[in-house]
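Single-letter residue listing:
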Amino acid sequence: MPFFLDRKASPNRVREAEDARRNRQEIVKALSQGRVSRRDLIKWGVFTAGGMLAWKHGLNPFVGSAYAEIPTGLPASPLFGVLPFTTPMPRFDVLARNPLASLTPAPTAQANQAQRDVPAVLGGGTGPIEGRPPGPIWAHQGFDVFPPKVAVQATQEGATTNGVYNPTVPSSLNSGIDPTQPIPLRFHPGLPTQSPLAVWTFNGTIPPKLVMGRYGEPILFRHHNRLPEDESQNGGFGRHTISTHEHNGHHGAENDGFTGAYFYPGQFYDYHWPIVLAGFRTINPDATDRRAGSPDGSGGIVKVAGDWRETMSTHWFHDHMFSFTSQNVYKGNAAMFNIYSALDRGNEAIDDGVNLRLPSGTANDWGNLDYDVNLMLADKAWDANGQLAFDIFDFDGFIGDRMTVNLIYKPYFEVERRKYRFRILNASVSRFFKLALSDGSPMIQIANDGNLLPSPVVLTELDEQGIAERYDIVIDFSRYPVNTRVHLVNLAEHEDGKRVAKDLSLAEALSGTSSDPCVGRFLEFRVVRDPAKPDVSRVPDVLIPNPDLSAVPVARHRTFEFGRGATQTTNDPVSAFFGPWGIRTDSGPAGTLAADFGRVSAAPRAGTREIWTLVNGGGGWDHPIHIHFEEGQVLARDGLASNVPPWERGRKDVYRLRPGGSITITLQFRDWGGMFMEHCHNTVHEDNAMLLRWEIDDGGAPFLRPLPTPIPTPQGVTFRDADDVLPTAL
Amino acid sequence: MTSNRFCNRCAAVLLAVLAGMASLASSADVVSTMVPFVTILKGSTETVSFTGTARLDTQVILDNVLGNAPVMEIVVDMSGVTGVGTSTGSTYSISGPAILHRPLSANDLIRVTFPFYRGSDLFGAETVEATFNCKFDTATGAVTAVKLTTLKM
């Protein structure tokens, strides 16, 4: 059944669909502002107990039309006459790296509890200026050993014009964009400017933001919440409390963006990203291995402790607000983080026997972005006025009908005849992608989820890319003559938010016959010239081998089954949530449980390795499962190692289950402690309520077993005992 | 100029009726079908003769919770196919696999592209499209007949 109305739908049908969408938006608005709960909606018959929108005309987009036109669907997002590939794709906007002394007040190991006046709309009185939970348990771990050296600050705020765009590359490498010109927040110059209530991005602006960091140089990321104090001022969706997850940083839990450690408008949260190699306490602790290193700024290497085979490269960070992640990320709370190392230093010329010399550039010692391009893919939808819109038809997922790259509708990007690296992030709510070049030419995948693969893999069609997965690929444009135009194409057709309905062939996707508007060409590469300098970049046969775990004993096996029909065994009004989705742990007698961030579902011992099997509990959907903290290795799919495709044979942090499938992984739990999460990254599933808490809590003081649950308020964070500890958790 | 055109049509056609050739894989739900693969492709530097076996792993996945239509998971594995350059005698590989999800249907045209390349020259890779015109047993997912066509792109 087509999801969106056909372009040829009659005006009456479109009007009817608009009315229905307006009715649904009232529901979204009431939910987002806490005026109704999902239980209320089910009780009133708006939703079924299974999370399906009631089969009512004027509400459900798939109920037969009053005009008897079948099939029905959603109104398309209007394009206001805009055509694809008519505006350039901007590079990411690089956030400034400043000295630590630039931060006022100075960061502190424990949360800064200096008081401020709390606005009346947030309850009045006073509350701490920093939203991080107070006390020693939530103090920055390793703050003395890895003191921050660089300060990066950003706000979260409503849409505004960007007057300080910093792409770090010349205009000639940014499709001619003049960075000195103000950039209004709109998805295309021909589309309406977004209102401050419709879009909430980092610094309130586009392009999306990029943090650049390197191993051995800890970052203090201070995130200021400048969203509206009144939670009803949200443009109909989005929650003004946020928690920022550095996906998938190997940091202490206090810096992980725990779903229950959110902070309020007017507060900041100091995230300490130490940027360390996993295993630094036990592997290469004296930092003698040059492969475990970081660019020193002048062509050399600063050696750091840890396992060089745990080097990571492409991260992103985004909101993780309990039950509102989908709305907040969709609304703009998503950015990327490139991590540079001796192996992957972002300089293609330095030939020191360690640097892999991947496509990047040569001007700077590290972090050249000339030929290293971040791409954030996201499907969006907007209302009749062109304002960003979030719809709700069920709790299976949200699908937009307009493809954006770096928050621009179907842009073009100028390239030279040489190799480029693209760091591709799927930042959608529920949509999977499957990418190919329009002429079928090969691409070389070098990384998966931010981890360089053991060996590059050449592909003409990438695998399905789930939400939050990152695929780094290299495209060699030297094969094309100048003036060639070639496109990135999406082959994955959706009918709803549950899973890919059909992986199309390239010819099918290019035919324009798909009912899914996000299928087909979405980014145009324009080959504009020969490179000014010879391309000296390489893609070596060996990138980063996997860490050798053969000598690390397996302490436990655990099983997590992701399914529907969840029950809730707790009733904490803040930490427990109700939704059709849930997770069953170790075949537990309680069955499939809905999320409660006060419940401990697993507590691996510090310093151990475990094997976890993630099972899809039904065949009607797919789930990209994200496990926070340390990267895992995929041991098997459906029980067989031979089923693991080459591009999943490195390290990962998001594991697509595939419909009806299972995946077995191994993980280590070391270096840091605290409470982390495991959840579906189809963020509608996550919010409804496919998420669990696990923790490393046996490392001794200051940790307790189990850890107390933070309960944030504008006046300060309090703690409660864990609601529940599953019998197999410890 | 856009460069999405198919070129070098008519590389090879192979018809294989596979009644009785399907064999159960280790997973009870997955059915593996071996498809003889013999084709000659005209590459940019030389003509390459490919021989071997393509494997189709097919699995019907039922939605036993919501009752939605089943999906077919199809894994096309070309690792059993190798090529030899007719001029140089060099060995060519075809990379993959391709993993597809398609609505369950008694007949389906599975068109997938794969890179082929000489030795470890990934940047010299070229593209072949393989079209498997399949008939399925919709109860088991088994391929009952298949016609394979290849095309150099």
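Residues numbered from 1 in each chain as written. Chains lettered and ligands numbered in written order. Predicted model: local features only at pLDDT ≥ 70, side-chain atom pairs only at ≥ 80, totals over all residues.

A.B. asks: Mind laying out the overall build of chain A, listing which residues take part and the relevant values?
C.D. replies: Secondary structure assignment for chain A yields five helices and 40 strands. Expected size for 730 residues packed as a compact globule is a radius of gyration near 27 Å; at 24 Å, chain A falls within 12% of this value. On the principal axes, the C-alpha backbone points of chain A span a range of 75 × 65 × 55 Å. Expressed as a percentage of the 730 residues in chain A, the buried residues total 62%. Excluding contacts between residues fewer than 6 apart, the proportion of contacts in chain A whose partners are at least 24 apart in sequence is 75%. (Helix = DSSP H or I, 4+ residues; strand = E, 2+ residues; numbered from the N terminus. Rg over C-alpha atoms; globule rule 2.2 N^0.38 Å. Buried ≥ 20, exposed ≤ 12 C-beta atoms within 10 Å, placed from the backbone. Contact = placed C-beta atoms within 7 Å.)

A.B. asks: Account for the overall build of chain B, with residues named and values stated.
C.D. replies: Secondary structure summary: chain B contains zero helices and eleven strands in total. The helix and strand sequence of chain B, counted from the amino end, reads β-β-β-β-β-β-β-β-β-β-β. The buried share among the 153 residues of chain B stands at 42%. Sequence separation of 24 or more characterises 54% of the internal contacts of chain B that already satisfy a separation of 6 or more.

A.B. asks: Give me the lowdown on the sheet that holds strand S7 (residues 219-225) of chain A, citing residues and values where you can.
C.D. replies: Residues and elements named next belong to chain A. The four strands are arranged S5-S4-S7-S9 in an open sheet whose pairing can be described as mixed. Strands with a single pairing partner mark the edges of an open sheet, and in this sheet they are strand S5 (200-202) and strand S9 (268-273). Looking at each pair of strands side by side, their axes are set apart by 15° on average, direction ignored. Strand direction decides the pairing type here: strand S4 (residues 150-158) and S5, joined by three bridges, are antiparallel. Its bridge partner being in S5, glutamate 157 is matched across the sheet by threonine 201. (Pairing = 2+ DSSP bridges. Axes fitted to C-alpha atoms, helices over the stretch in contact; angles between N-to-C directions.)

A.B. asks: Account for the environment of lysine 380 of chain A, naming residues and giving values.
C.D. replies: Residue and element names in this part refer to chain A. Structurally, lysine 380 is set in strand S14 (residues 372-380). In sequence terms lysine 380 and isoleucine 444 are 64 residues apart; their C-alpha atoms lie 28 Å from each other. Setting aside its immediate chain neighbours within four residues, lysine 380 contacts Phe187, Leu388, Gly400, Arg402 and Thr404.

A.B. asks: Can you explain the environment of glutamine 110 of chain A? Please cite residues and give values.
C.D. replies: Residue and element names in this part refer to chain A. Counting through the fold element by element, glutamine 110 comes out in the loop between strand S1 (93-94) and strand S2 (115-117). Considered as a pair, glutamine 110 and glutamate 414 are 304 residues apart in the sequence and their alpha carbons are 47 Å apart. With residues up to four places along the chain from it excluded, the contact list for glutamine 110 reads Pro134, Gly135, Pro136 and Ala139.

A.B. asks: Can you lay out the interface of chain B and chain A for me, pointing to particular residues and giving the numbers?
C.D. replies: Listed by partner, the interface residues are 36 residues for chain B and 40 residues for chain A. When contributions to the side of chain B that touches chain A are tallied by element, the ones reaching two or more residues are strand S5 (71-77), strand S8 (98-103), strand S9 (107-118) and strand S10 (126-136) of chain B. Among the residues making up the side of chain B that touches chain A, the classes are represented as 19 nonpolar, twelve polar and five charged. (Nonpolar A, V, L, I, M, F, W, Y, C, P; charged D, E, K, R; others polar.)

A.B. asks: A description of the sheet that holds strand S29 (residues 599-602) of chain A should follow, citing residues and the corresponding values.
C.D. replies: Residues and elements named next belong to chain A. A sheet is described by the order of its strands in space; here six strands give the open sequence S34-S31-S36-S37-S29-S40, paired in mixed fashion. The sheet is open, and its two edges are formed by strand S34 (654-656) and strand S40 (724-725), each paired on a single side. Where S29 lies against strand S37 (residues 691-696), two bridges are found, and the strand directions are parallel. Its bridge partner lying in S37, alanine 602 is registered against tryptophan 694.

A.B. asks: With reference to specific residues and values, describe helix H1 (residues 11-32) of chain A.
C.D. replies: Given 3.6 residues per turn, any residue in an α-helix points the same way as the ones three and four places further on. Residues and elements named next belong to chain A. Over its 22 residues, H1 runs 30 Å from end to end, which matches the ideal 32 Å to within 8%, given 1.5 Å per residue. All buried positions along H1 are accounted for by Arg13, Glu16, Ala17, Ala20, Arg21, Arg24, Val28, Leu31 and Ser32. In a view along the axis of H1, the buried residues occupy a sector of 155°, so they form one face of it. Exposed side of H1, more than 90 degrees from the buried face: Pro11 and Asn12 are the residues found there. In this structure, the buried residues of H1 make contact with helix H3 (325-330). A positive backbone phi angle near 75° is found at glycine 34, which sits one or two residues after H1. (Expected span 1.5 Å × (residues − 1). Arc of directions from axis to C-beta.)

A.B. asks: Describe in detail the pairing of S8 of chain B, supporting the description with residues and values.
C.D. replies: All names here are of chain B. Burial runs high along S8: five of the six residues are buried. By the bridge criterion, six bridges tie S5 to S8 in an arrangement that is antiparallel. Bridging from a neighbouring strand, valine 71 pairs with proline 103 of S8.

A.B. asks: Describe the pairing of strand S31 (residues 624-627) of chain A, listing the residues and the values that go with them.
C.D. replies: Residue and element names in this part refer to chain A. What you see with S31 is no split at all: Pro624 and His626 on one side and Ile625 and Ile627 on the other are buried throughout. With three bridges joining them, S31 and strand S36 (residues 674-680) adopt antiparallel strand pairing. Each bridged residue has a counterpart across the sheet, and for isoleucine 625 the counterpart in S36 is cysteine 680.

A.B. asks: Please set out the confidence of the model for chain B residue by residue, giving values where relevant.
C.D. replies: Residue and element names in this part refer to chain B. In this model, chain B carries an average pLDDT of 83, and 82% of its residues clear a pLDDT of 70 or more. Counting interchain partners and residues more than four positions distant, the pLDDT-below-50 stretch residues 1-28 has 59 contacts. As a predicted assembly, this complex carries a pTM of 0.95 together with an ipTM value of 0.93. (pLDDT = per-residue confidence, 0-100.)

A.B. asks: So, the environment of asparagine 355 of chain A: which residues are in play, and what are the values?
C.D. replies: Relative to the helices and strands, asparagine 355 of chain A is located in the loop between strand S13 (334-340) and S14. Residues asparagine 355 of chain A and arginine 345 of chain A, ten residues apart in the sequence, show an inter-C-alpha distance of 6.6 Å.

A.B. asks: For unusual backbone geometry, give the residues involved together with the corresponding values.
C.D. replies: Residues and elements named next belong to chain A. Between isoleucine 206 and the following residue, proline 207, the backbone shows a cis peptide bond with an omega angle of 0°. If you trace the backbone, proline 207 turns up in the loop between S5 and strand S6 (209-214). Backbone torsion omega between asparagine 688 and alanine 689 reads 10°, so that peptide bond is classified as cis. Positionally, alanine 689 belongs in the loop between helix H5 (683-687) and S37.

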